Every structure is written in C-alpha cells, then in structure tokens.
Amino acid sequence: MQPASAKWYDRRDSVFIEFCVVDSKDVKVSFDKTKFIFSCVGGTDNVRHVNEIDLFEAIEENESKHKRTDRSVLCYLRKAQPGKSWPRITKEKAQLRWLSVDFNNWKEWEDDSEEEMGNFDQFSDMMNNMGGDGFQPGMDGEEDEDTADSDDEKMPDLE
C-alpha cells in the first residue's frame, strides 16, 4: 500500500482534491465531518493506494462527492463554513510528500466580494465588446469643444 499523489485547490464554498491514479478500480471515498479517506487499486501494476486526511476545517459530508475518470479521481468537499479560506487542506501543518497545491486551478478569492467580481466581469465584457472603429473625442487629433482645456487658448505674441 502507498498513498496516491494528489493536488488540491480552494474555492469560496468548497475544496477540490484530485487523486492522480490512472485506470483506478475499486474506488472508495469516505467523507466524515473532519476526516477524508480515499482508497483504490490503480495503474498497470495494480498498486493499492490509501490516503487519509484530517481536514483543516469541517465539511458537509452529505453534500460532498467524487467523480472517477480514466486518469484520476476528483473529489468535491463542501465546506461547512463557506467563505472561509483554507490555507491548507490538512489540520496539521506537516508537509505530505504526496500532496501538492493545484496552481492551475488556484484562485485568490478571499478579498473579492461577489459584487466586486460581478462589476469586474461587466467591465471586462464592456471592454471586449467595444469596437475600435468608433469615434472617440480627442483620440484622432481633432478636439471636441467639450474636451478643450482652458490652457489651450492662443498665447499672446511676445514683444
């Protein structure tokens, strides 16, 4: 028996952990309020993998689930306290050699409110939908009367 290599990432209401086991069979996932256990047989040599994690915070075990693919098993752990960031997935600070952060899916969401993200998305959509062919005052060398500055007046001739 050996632990399966895994990577994890945090979201506002959940934590995801992916066990990287090719051709997994006999997959068993046990969700407990503060503990998570994964086991399977995988690979061409049919190695038995077992991973046990004492979780950083509590989860909703009835709302947590997993999905098996040919390349991995992705587990969705629903946080008991949504909106609280998990700096790590384990209760203890010990570094596990089989566990790493999934930086491809990691997202810094702690400082972003839902409203701010919605405003940012609207702003991004607006910028993407703006065409470059339209006239914008002051951008093509001609000035609109409303945009002329007071210091743009003609200076008197020097004597």
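Check the entry above for the structure.
Conventions we followed
- Residues numbered from 1 in each chain as written.
- Predicted model: local features only at pLDDT ≥ 70, side-chain atom pairs only at ≥ 80, totals over all residues.
- Heavy atoms only, no water.
- Helix = DSSP H or I, 4+ residues; strand = E, 2+ residues; numbered from the N terminus.
- Buried < 20%, exposed > 50% of the residue type's maximum accessible area, 1.4 Å probe, protein only.
- Contact = heavy atoms within 4.5 Å.
- Areas by Shrake-Rupley, 256 points an atom, 1.4 Å probe, with all protein chains shown as cover.
- 1 Å grid on protein atoms, 1.4 Å probe; cavity = no way out; pocket = protein on both sides within 12 Å on 5 of 7 lines; lining within 4 Å.
- Points joined across faces, edges and corners; volume = space filled by probe spheres on them.
- Phe/Tyr/Trp six-rings, centres within 6.5 Å; stacked < 30°, edge-to-face > 60°.
- Pairing = 2+ DSSP bridges.
- Axes fitted to C-alpha atoms, helices over the stretch in contact; angles between N-to-C directions.

Colleague: Could you clarify how one ought to interpret the overall build of the protein chain in this entry?
Modeller: Summing up its helical and strand segments, the protein chain has one helix and eight strands in all. Written out in order from the N terminus, the α and β elements of the protein chain read β-β-β-β-β-β-β-β-α. Across the 159 residues that make up the protein chain, the buried fraction comes to 25%. Counting contacts in the protein chain only where the partners sit at least 6 residues apart, residues at least 24 apart contribute 57% of the total. Per element, the accessible surface of the protein chain, about 11,500 Å² overall, is 46% carbon and sulfur.

Colleague: Looking at this structure, how should I read the layout of surface pockets?
Modeller: In this approach the atoms are scanned with a rolling probe the size of a water molecule, which exposes any empty space left behind. Roughly 160 Å³ of volume is contained in the largest pocket. In terms of lining, the largest pocket is formed by 13 residues, of which the most central are W8, R88, T90, A94 and L99. The leading source of residues in the lining of the largest pocket is strand β8 (residues 99-101), at three residues.

Colleague: How should I be thinking about the packing of aromatic side chains in this particular structure?
Modeller: To describe a pair of aromatic rings, one takes the distance between the centres and the angle between the planes. The tally for this structure, following the rule as stated, stands at six aromatic pairs. The interplanar angle of 5° and the centroid separation of 4.0 Å between the aromatic rings of F19 and F38 together place this pair among those described as stacked. Residue F19 is located in strand β2 (residues 14-19), and its partner F38 is located in strand β4 (residues 35-42); the two are separated by 19 residues in the primary sequence. Geometrically, the ring pair formed by F31 and F36 is tilted, given 5.5 Å between the ring centres and 35° between the ring planes. By relative accessible area, F36 is classed as buried at 0%. An aromatic cluster of at least three residues, connected via ring pairs, comprises F19, F31, F36 and F38.

Colleague: Mind showing me how you'd approach the sheet that holds β4 here?
Modeller: Across a sheet, paired strands are connected by hydrogen bonds in the backbone, their directions being either parallel or antiparallel. Strand order in this open sheet of three strands is β3-β4-β5, and the pairing throughout is antiparallel. The open sheet terminates on both sides in strands that have one partner only, identified here as β3 (25-31) and β5 (47-54). Taken pair by pair, the neighbouring strands of this sheet meet at an average axis angle of 5°, ignoring direction. By the bridge criterion, five bridges tie β3 to β4 in an arrangement that is antiparallel. When the sheet's bridge partners are listed, S30 is paired in β4 with I37.

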